[in-house]
Amino acid sequence: MHGDLPLMRATVNFEQVVPVSVMDRSRRKAHTAKIIVQWDALAQQSPGAPPLAFRFEETLDAEAEDSYQPQLFVASLCGAIAWAQPWPTAAWTIRNASGYAGSAACAALATALVATSAGLDYPQDTLVLGFVLPDNTLGPVTSIRQRLESAAAAGVRRVVIPEAQKVEMDSFGRPVDIVGVAKRLALEPVLASSVEEAIHLTLQVQMPQQPLEKGTPAYRPELFSAFVEKCAAIAADLGDKPAASKKTTTSQQRLYYEKSAQDSLQDGRPYAALRQYQLALAAAQQPAEEQATPAQFREFNERVNGLRHDLEQASGDVSLDKNGLLSAVVMAERGEWFDGLLSRVEGPQRLAVQAFAPGAHATQQKKHEVFSRLVRGEREARVLLPHASLYGRAAGAVAAGAELEIYGRGAIWLPRLMPAYLGRAEFFFQGLQAHASELGEQLPSDPKIAALTLALRRHKTQWEKTRTVPQRQQVSEGVVLAGFVPGSAYAPPKVSVSGEDPSSLWSDPAKCMAWVNLYCELAALEQKYLLLRGSFDEQTGEWTASSRASLERLVQNAEQGAREGIYAASQVGVAPDVFAMIFERAGALRASDRHEDRLEGLKQYWRCGLMGQLCWQLAFVPKAAATPSAPRALPVGGGRP
């Protein structure tokens, strides 16, 4: 037992066996792999060594390296956050890798990286299970009973289980005592709520207290004034638009968002109010009623394609991108806003294309419904598009001084982050397909799911284009095969599906921050459809979580993670303005009675925290090549004063 002794980086090579729960090639059967993880203390000191590297030797499965690589990079970030210590330079060798390492292996890998780099014994009879959420807390893993059975068969005696999964529901809606299942298998169950706690319980070492931003994060006064000015302009515009009948869904949405915006302004949250006013302005649009005929759809669809092109062009604009972290966080927030506009048209368009396809079984009522949603989404996105200029003002204020460069570190991280996202998406869609009968009509009719499918296909296409032979030879660790295959049930429209990611021309730092947007959006959808579950209103489609308390617990943890992320970013010189904007909006959404809004608030807190932590990791060392000249031990929290 290591007790309260601080963790120190080992100055000599150190290797050990680590149990990891993985899936077989079919992704349907779990087994416990015994991999060897070696900390290469001296390799990282060699000239030209990358800041972070994983080398594979004696791999037992041809596909193993492709799945382990991205999970190891995500795990390294999780471990760095838990240790409060970034990896200026670090290198590991992985041996005997086998199976498919999905997101359920992330917590175990994070624990293994910390243990080996600190020279601590990893108990070989202990298996860590945990699906790591964006705020470093542990969520439930898939097939946990099967994973427990394989662990017991592999000689594991102690298993760390996510606190959130001590009880789960079976396919018939009956509760299953997972702790009891573990005990019946002669396993000692230990519950953990976060990566930090999992490391503490596994290694018996005291983890550092996470420093966090105290008080309410604030952006600079000129931004506050600009947001209030924009709010006033939209409020005046709305005043000139008489509200339609209160019986219509859009009219009710307008009134709801107007009231929410007014409340946010009174609370001193003008950025949150501005985003709510924009939603009210979108809901206030009353497009003329269009006939849902095939001919009318084809004509209108061309108009939508033109708008999508304009949105993608505007979203991909790099005039604000200065190839550093200050502009990258602005680009990420601007990109998240554009993603919302694109989903307003891409999702409904995909659904409409399927409804009007030759041989489709959609009823006339369904065709009218999806076409009306497409018409409304097109009108809303077209009205909101000019408001993108707001982020130019934000960029001018935030990045007025010298840009915070990261000297190529983004190019090292990005090839690992995107496959982790695509691999996580694969499991998400497998989960949707497994629960399709329970989700009913809401699944195929959710525009966010439709838009996500299209975005994933674009990202995969873009990712495959970047996997050139020179890159494969130059950075062998970054070459992975993304396995995202959503299946025929989620096929994209057959017309005008852009193969280009709108952010394809962004700098690597900006793409890394955009990855946070993608990762957190996917994590939020996982909660909505697979974890929190819940019910949908038959008339409005509005979602209500099965447990408000569970949702609130997630939000509380995420707020804590957001404060830690803001503090971490401040330690490397990233201005708090954009983080304060995101944090403010999250707080306003959290105050809503609607579970959809609270889920969106959860996502915003996650974005705030993960973006801050990634900034901290990327910017900790001034130059990627600036490696220490001799081995040294670093105390806990050395990266955060």
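Use the structure listed above.
Treat the numbers as computed from the prediction; the structure is a model and nothing was measured.

Asker: Before we move on, could you go through the overall build of the chain and cite the residues and values that matter?
Answerer: Along its length, the chain carries 21 helices and 13 strands. Going through the 641 residues of the chain one by one, you find that 59% of them count as buried. A sequence separation of at least 24 residues applies to 81% of the contacts in the chain between residues at least 6 apart. As displayed, the chain offers around 25100 Å² of accessible surface, 52% of which is attributable to carbon and sulfur atoms.

Asker: Quick one: what's the story with the sheet that holds strand S2 (residues 30-39), residue by residue and with numbers?
Answerer: One open sheet accounts for four strands, arranged S1-S2-S4-S3; its pairing is mixed. Unpaired on one side and paired on the other, strand S1 (14-23) and strand S3 (52-57) mark the two borders of the sheet. Between one strand axis and the next, the sheet turns through 30° on average, direction left out of account. With four bridges connecting them, S2 and strand S4 (residues 90-95) associate as antiparallel partners. In the strand pairing of S4, glutamine 38 is matched with threonine 93. Contacts from helix H1 (residues 64-83) reach S1, S2, S3 and S4 within the one sheet, and its direction differs from that of S3 by about 150°. Each of S1, S2, S3 and S4 is contacted by helix H2 (residues 106-118), which is oriented at about 180° to S1, the strand it contacts most.

Asker: Lay out helix H9 (residues 294-315) in plain terms, naming residues and giving numbers.
Answerer: End to end, H9 covers 30 Å across 22 residues, agreeing with the expected 32 Å (1.5 Å per residue, within 8%). All buried positions along H9 are accounted for by Phe297, Phe300, Asn301, Val304, Asn305, Leu307, Arg308, Leu311, Glu312 and Ser315.

Asker: Explain the sheet that holds strand S11 (residues 188-192) to me, using residue names and the numbers behind them.
Answerer: Sheet architecture is open: three strands sit in the order S5-S8-S11, paired in parallel fashion. Because the sheet does not close on itself, it has two edges, and the strands there are strand S5 (126-128) and S11. Taken pair by pair, the neighbouring strands of this sheet meet at an average axis angle of 25°, ignoring direction. In the sheet, S5 pairs with strand S8 (residues 158-162) via three bridges, with the strands oriented parallel. Following the sheet pairing, threonine 126 is matched in S8 by arginine 158.

Asker: Report on the state of the cysteines, specifying residues and quantitative values.
Answerer: As enumerated under the stated definition, the model contains zero disulfides in all. Cysteine cysteine 615 shares no disulfide, and the gap to the nearest cysteine sulfur, in cysteine 512, comes to 9.5 Å. The exposure class assigned to cysteine 615 is buried, which follows from its relative accessible area of 0%.

Asker: Explain the packing of helix H10 (residues 325-356) against helix H18 (residues 508-531) to me, using residue names and the numbers behind them.
Answerer: At a minimum axis separation of 8 Å, H10 and H18 run at an interaxial angle of 40°. In terms of orientation, H10 and H18 fall into the oblique class. Classified by chirality, the crossing of H18 by H10 is right-handed. On the side of H10, the interface is formed by Leu325, Ala328, Val329, Met331, Ala332, Gly335 and Glu336, while H18 contributes Pro509, Ala510, Met513, Ala514 and Asn517. Its residues placed into classes, the contact of H10 with H18 shows nine nonpolar, two polar and one charged.

Asker: Could you give an account of unusual backbone geometry, naming the residues involved and the relevant values?
Answerer: In this structure, serine 143 is a non-glycine residue whose phi angle is positive, near 50°. On the secondary structure map, serine 143 appears in the loop between strand S7 (138-139) and helix H3 (144-153). Phi angles above zero are rare outside glycine, and asparagine 323 is one such case at about 65°. Mapped onto the fold, asparagine 323 is located in the loop between H9 and H10.

Asker: Quick one: what's the story with the nonpolar core, residue by residue and with numbers?
Answerer: One finds Tyr68, Trp92, Leu148, Tyr421, Met513 and Leu614 to be the most contacted residues of the largest nonpolar core, which totals 192 residues. A total of 17 residues in this core trace back to one element, the largest contributor, which is H10. What tryptophan 92 contacts, discounting residues up to four positions off in sequence, is Val37, Gln38, Trp39, Asp40, Leu52, Ala53, Phe54, Arg55, Trp87, Leu113, Thr116 and Ser117.

Asker: An account of the environment of alanine 154 is needed here, citing residue identities and associated values.
Answerer: Structurally, the position occupied by alanine 154 is in the loop between H3 and S8. Judged by relative accessible area, alanine 154 falls into the partly exposed class, the value being 29%. With 29 residues separating them along the chain, alanine 154 and aspartate 125 place their C-alpha atoms 9.0 Å apart. Residues contacting alanine 154, with those up to four places away along its chain left out, are Thr32 and Lys34.

Asker: Give a description of the pairing of S4 that names residues and reports values.
Answerer: The element S4 is largely enclosed, with a buried count of six among its six residues. Where S3 and S4 come together, six bridges link them in parallel fashion. Its bridge partner being in S4, alanine 53 is matched across the sheet by alanine 91. For the crossover that starts at S3, traverses H1 and ends in the parallel S4, the hand is left-handed.

Asker: Explain the packing of aromatic side chains residue by residue, including any values.
Answerer: Evaluation of the coordinates by the stated rule reveals 22 aromatic pairs. Geometrically, the ring pair formed by phenylalanine 583 and tyrosine 605 is edge-to-face, given 5.4 Å between the ring centres and 65° between the ring planes. Note that phenylalanine 583 is positioned in helix H20 (residues 577-590) and tyrosine 605 in helix H21 (residues 595-619), a separation of 22 residues in sequence. Residue phenylalanine 583 shares its accessibility class with tyrosine 605, and that shared class is buried. Of the aromatic side chains, those joined through ring pairs into one cluster are Trp39, Phe54, Phe73, Trp83, Trp87, Trp92 and Trp413. Taking the ring centre of tyrosine 256 as reference, the NZ or CZ of arginine 594 above it sits at 4.7 Å.

Asker: Could you give an account of the pattern of salt bridges, with specific residues and numbers?
Answerer: When their charged atoms lie close together, side chains carrying opposite charge are able to pair. Summed over the entire model, instances satisfying the criterion amount to 32 salt bridges. The closest approach of N and O atoms between glutamate 552 and arginine 590, which form a salt bridge, is 2.7 Å. With glutamate 552 in helix H19 (residues 548-570) and arginine 590 in helix H20, this residue pair connects regions lying 38 residues apart in the sequence. Overall, arginine 590 belongs to the buried group, its relative accessible area being 18%. Measuring nitrogen to oxygen at the nearest pair gives 2.5 Å for the salt bridge that ties glutamate 559 to arginine 590. Taken together, the positions of glutamate 559 in helix H19 and arginine 590 in helix H20 put the pair 31 residues apart, joining distant regions of the chain. Overlapping salt bridges bring together Arg275, Glu333, Glu336, Glu521, Arg585, Glu600, Lys603 and Arg607 as one network.

Conventions used here
- Residues numbered from 1 in each chain as written.
- Predicted model: local features only at pLDDT ≥ 70, side-chain atom pairs only at ≥ 80, totals over all residues.
- Heavy atoms only, no water.
- Helix = DSSP H or I, 4+ residues; strand = E, 2+ residues; numbered from the N terminus.
- Buried < 20%, exposed > 50% of the residue type's maximum accessible area, 1.4 Å probe, protein only.
- Contact = heavy atoms within 4.5 Å.
- Areas by Shrake-Rupley, 256 points an atom, 1.4 Å probe, with all protein chains shown as cover.
- Pairing = 2+ DSSP bridges.
- Axes fitted to C-alpha atoms, helices over the stretch in contact; angles between N-to-C directions.
- Expected span 1.5 Å × (residues − 1).
- Disulfide = S-S within 2.5 Å.
- Parallel < 35°, antiparallel > 145°, perpendicular 65-115°, else oblique.
- Left-handed = near helix turned anticlockwise from the far one by under 90°.
- Nonpolar A, V, L, I, M, F, W, Y, C, P; charged D, E, K, R; others polar.
- Core = buried A, V, L, I, M, F, W, Y, C linked by side-chain atoms within 4.5 Å.
- Right-handed = clockwise from strand over helix to strand, strands pointing away.
- Phe/Tyr/Trp six-rings, centres within 6.5 Å; stacked < 30°, edge-to-face > 60°.
- Lys NZ or Arg CZ within 6 Å of the ring centre and 35° of its normal.
- Salt bridge = Lys/Arg side-chain N within 4 Å of Asp/Glu carboxyl O.

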